[in-house]
Amino acid sequence: MLSADESGRANHFPVRPRLLKVKSAMKGQARALIRAERADELVSALPKDESESVHALLSGEFILGDVIDRVRALHGNPRALWIATLSVGLPNVATLRAACDAGVQVTLLVSHYFQSADAELYEAIERAMADAPGFRLIVGRLHCKLLLFEFDSWLLTLTTSANLRSSNNLEQMDGFAAPALFFFHRAWMQEVCDRAESGANPSHYVLFGKGGSNA
């Protein structure tokens, strides 16, 4: 179990981090791979146009929560942030709390396995986020890893192998600015939330932030 001050950053990997930016006009051409060793390098390369995508190999220099922090720092606060992850570590909880306190509506979907297998950490997260404004925590049978940033003029979808926990493995991340993809993923996540709020399986718990209630 990670302690509250343990970031989980990797010390060394034999494979260097890489980032590939793909434009539709580049079909069939050789594409250069560049290193993305810092969160700012990744965030600066994220696509703004739906005709391009970004594909990155991450090797532990930063945790996933750093990406959320740096998107906010470089692009401002999104209206909403939708997250699906197997598990969450406490260093990332501080990131989510800061986003909520800044007015971002945060919906977090985690695995029921995480809730039961790491109950002490899960309960610590509940305590840290219970009064966070605009926060929803959903527990269900899921293994998806997604970050959806909902800006007024930018709908960013990040699909990744990384959980919102540590970064002590090689991980991949793919970034897209296609609205259709964003709405596809937001739709099923909203359906999971609706089922949780109604008490239907497979989602079985929902925690609302400040002024809310449990179901």
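Everything in this summary refers to the structure shown in the same document. Here the structure is a predicted model, which is why all the values come from computation and not from measurement.

Let us look at the packing of helix 2 (residues 64-75) against helix 3 (residues 90-101). When two helices pack together, you describe them by how their axes are tilted relative to each other and by the distance separating the axes. Taken N-terminus to C-terminus, the directions of helix 2 and helix 3 make an angle of 25 degrees; their axes are 8 Å apart at the nearest point. As judged from the angle between their axes, helix 2 and helix 3 are roughly parallel. The crossing of helix 2 and helix 3 is left-handed. Contacts between helix 2 and helix 3 pair L64, G65, I68, D69 and R72 from the former with N92, T95, L96, A98 and A99 from the latter. Split by residue class, the contact of helix 2 with helix 3 holds five nonpolar, three polar and two charged.

Now for the packing of aromatic side chains. Scanning all chains against the criterion turns up three aromatic pairs. Judged by centre distance (6.1 Å) and plane angle (75 degrees), the ring pair of F114 and Y122 falls under edge-to-face. Taken as a pair, F114 and Y122 share a single burial class, namely buried. A ring pair is formed by F151 and W154, whose centres lie 5.3 Å apart and whose planes are at 25 degrees; its orientation type is stacked. For W154, a relative accessible area of 5% corresponds to the buried category. Here the guanidinium or amino end of K48 rests over the ring plane of W154, the centre of that ring lying 4.6 Å away.

So, on to the pattern of salt bridges. Summed over all chains, the structure comprises nine salt bridges. The shortest N-O distance in the salt bridge between R79 and E150 comes to 2.8 Å. Of the two residues, R79 sits in the loop between helix 2 and strand 3 (80-84) while E150 sits in strand 6 (residues 146-150), which places them 71 residues apart along the sequence. For E150, a relative accessible area of 9% puts it in the buried group.

A separate point is the nonpolar core. Core analysis: the largest hydrophobic core is formed by 42 residues, its most contacted members being L42, L96 and F149. Among all residues touching F149, those that are not within four sequence positions of it are I68, V71, P78, A80, L81, W154, L155, L156, L158 and F182. Judged by nonpolar contacts, the second largest core, of 14 residues, contains L109, I138, L142 and A196.

This part covers helix 2. When the terminal C-alpha atoms of helix 2 are compared, their 17 Å separation across 12 residues agrees well with the 16 Å that a helix rising 1.5 Å per residue should span. Within helix 2 the residues assigned to the buried category are L64, G65, D66, V67, I68, V71 and R72.

The next subject is the packing of helix 3 against helix 5 (residues 119-129). Between helix 3 and helix 5, the least distance of the axes is 10 Å, while the angle of their chain directions is 20 degrees. The orientation of helix 3 relative to helix 5 falls into the category roughly parallel. By crossing handedness, the relation of helix 3 to helix 5 is classed as right-handed. Of the residues in helix 5, those touching helix 3 at L90, V93, L96, R97 and C100 are L121, A124, I125, A128 and M129. Of the residues in the contact of helix 3 with helix 5, the class split is nine nonpolar, no polar and one charged.

Attention shifts here to the environment of H185. In this fold, H185 is placed in helix 6 (residues 179-198). In the structure, H185 is positioned 38 residues away from L147 in sequence and 9.6 Å away in space, judged by C-alpha atoms. Other than its neighbours up to four places away in sequence, H185 contacts L146, L148 and T157. For H185, the side chain forms a polar contact with the side chain of W188, separated by 3.0 Å.

All right, on to helix 3 then. In this model helix 3 runs 17 Å from its N-terminal to its C-terminal C-alpha over 12 residues, within 8% of the 16 Å that 1.5 Å per residue would give. For helix 3, every residue scored as buried is listed here: P91, N92, V93, T95, L96, A99 and C100. The secondary structure elements touched by the buried residues of helix 3 are helix 2, strand 3, strand 4 (105-111), helix 5 and strand 5 (135-140). Remark: G103 follows helix 3 within two positions and exhibits a positive phi of approximately 100 degrees.

Rules used in this analysis
- Residues numbered from 1 in each chain as written.
- Predicted model: local features only at pLDDT ≥ 70, side-chain atom pairs only at ≥ 80, totals over all residues.
- Heavy atoms only, no water.
- Axes fitted to C-alpha atoms, helices over the stretch in contact; angles between N-to-C directions.
- Helix = DSSP H or I, 4+ residues; strand = E, 2+ residues; numbered from the N terminus.
- Parallel < 35°, antiparallel > 145°, perpendicular 65-115°, else oblique.
- Left-handed = near helix turned anticlockwise from the far one by under 90°.
- Contact = heavy atoms within 4.5 Å.
- Nonpolar A, V, L, I, M, F, W, Y, C, P; charged D, E, K, R; others polar.
- Phe/Tyr/Trp six-rings, centres within 6.5 Å; stacked < 30°, edge-to-face > 60°.
- Buried < 20%, exposed > 50% of the residue type's maximum accessible area, 1.4 Å probe, protein only.
- Lys NZ or Arg CZ within 6 Å of the ring centre and 35° of its normal.
- Salt bridge = Lys/Arg side-chain N within 4 Å of Asp/Glu carboxyl O.
- Core = buried A, V, L, I, M, F, W, Y, C linked by side-chain atoms within 4.5 Å.
- Expected span 1.5 Å × (residues − 1).
- Polar contact = N/O pair within 3.5 Å; in protein donor to acceptor, adjacent residues only side chain to side chain.

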